Amino acid sequence: MDEFIARCADEAHGRRERAKARELRKTPYFQNLLKAGVCHYCGKKFPVEKLTLDHVVPLARGGKSTRGNLVVSCLECNRSKSILTPVEQLLDELEKNGAL
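In short, a report on the structure.

### As for the overall build of the chain
Assigned secondary structure in the chain consists of four helices and two strands. Tracing the chain from N to C terminus, the helices and strands come up as α-α-β-β-α-α. By principal-axis analysis of the C-alpha atoms, the chain measures approximately 40 × 35 × 20 Å. Counting across all 100 residues of the chain, residues that qualify as buried make up 36%. A separation of at least 24 residues holds for 60% of the contacts in the chain among residues at least 6 apart in sequence. Accessible surface for the chain amounts to roughly 6500 Å². Of this, 56% is attributable to carbon and sulfur atoms.

Structure (structure tokens):
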């Protein structure tokens with residue numbers, strides 16, 4: 001996906017939502033997901049210290065820190081996703097594999 005990806009959220013939005021995500025990480029729901037150790041994207045198992053909470057719709061794209069928008073992911077998947085939405089990530093993979 002070489003075209004420009006618009007960032008639609010401001011810095012205040014990012015700070016506010018990151019603070020919410022830090023609080024949500026402490027909840028039993030996310031603690032149990034982290035202890036299970038399974039990356040939402042690749043499905044592999046990792047130790048807790050190798051996992052992060054990822055915003056499915058990125059904060060830079062207007063995403064929120066809600067239980068429905070946060071998933072546990074490994075560092076590699078989180079970094080490779082960057083600020084792509086799930087559909088953009090899928091299209092990017094298809095493009096890389098020559099399917100598009």
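Next comes the rest of the write-up.
### Brief notes about the packing of aromatic side chains
One pass over the full model with this rule turns up one aromatic pair. Ring geometry for Y29 versus F30: centroids 4.9 Å apart, planes at 85 degrees, classification edge-to-face. Residue class for F30 comes out buried when judged on its relative accessible area of 1%. The ring of Y29 carries R67 above its face, with NZ or CZ at 3.7 Å from the centroid.

### Section: the nonpolar core
Counting 10 residues, the largest nonpolar core consists of A21, F30, L34, C39, L51, L53, L70, V72, C74 and C77. Elements supplying a minimum of two residues to this core: α2 (28-36), β1 (51-55) and β2 (70-74). At three residues, the largest contribution of residues to this core is made by β2. With residues near it in sequence (within four places) discarded, C74 still touches C39, C42, F46, K50, L51 and T52.

### Regarding a nonpolar patch on the surface
Side chains of V87, L90, L91, L94 and L100 sit close together on the surface and give an oily, nonpolar patch of about 470 Å² of accessible area. The residue L94 is located in helix α4 (residues 86-96) in this model. Overall, L94 belongs to the partly exposed group, its relative accessible area being 31%.

### Examining the pattern of salt bridges
Across all of its chains, the model carries six salt bridges by this definition. For the salt bridge of K20 with E17, the shortest nitrogen-to-oxygen distance reads 3.1 Å. Here E17 and K20 lie together in helix α1 (residues 11-25), a separation of three residues that amounts to about one turn. For K20, a relative accessible area of 40% puts it in the partly exposed group. A salt bridge links K81 to D54, with the nearest nitrogen and oxygen atoms 3.5 Å apart. Of this pair, K81 sits in helix α3 (residues 75-81) while D54 sits in strand β1, and the two are 27 residues apart along the sequence. A residue is classified by how much of its surface remains accessible, and K81, at 0% relative accessible area, is buried.

The rules we used
Residues numbered from 1 in each chain as written. Predicted model: local features only at pLDDT ≥ 70, side-chain atom pairs only at ≥ 80, totals over all residues. Heavy atoms only, no water. Helix = DSSP H or I, 4+ residues; strand = E, 2+ residues; numbered from the N terminus. Buried < 20%, exposed > 50% of the residue type's maximum accessible area, 1.4 Å probe, protein only. Contact = heavy atoms within 4.5 Å. Areas by Shrake-Rupley, 256 points an atom, 1.4 Å probe, with all protein chains shown as cover. Phe/Tyr/Trp six-rings, centres within 6.5 Å; stacked < 30°, edge-to-face > 60°. Lys NZ or Arg CZ within 6 Å of the ring centre and 35° of its normal. Core = buried A, V, L, I, M, F, W, Y, C linked by side-chain atoms within 4.5 Å. Patch = residues over 30% accessible without salt bridge, like charges linked within 9 Å, V, L, I, M, F, W, Y side chains within 5 Å. Salt bridge = Lys/Arg side-chain N within 4 Å of Asp/Glu carboxyl O.

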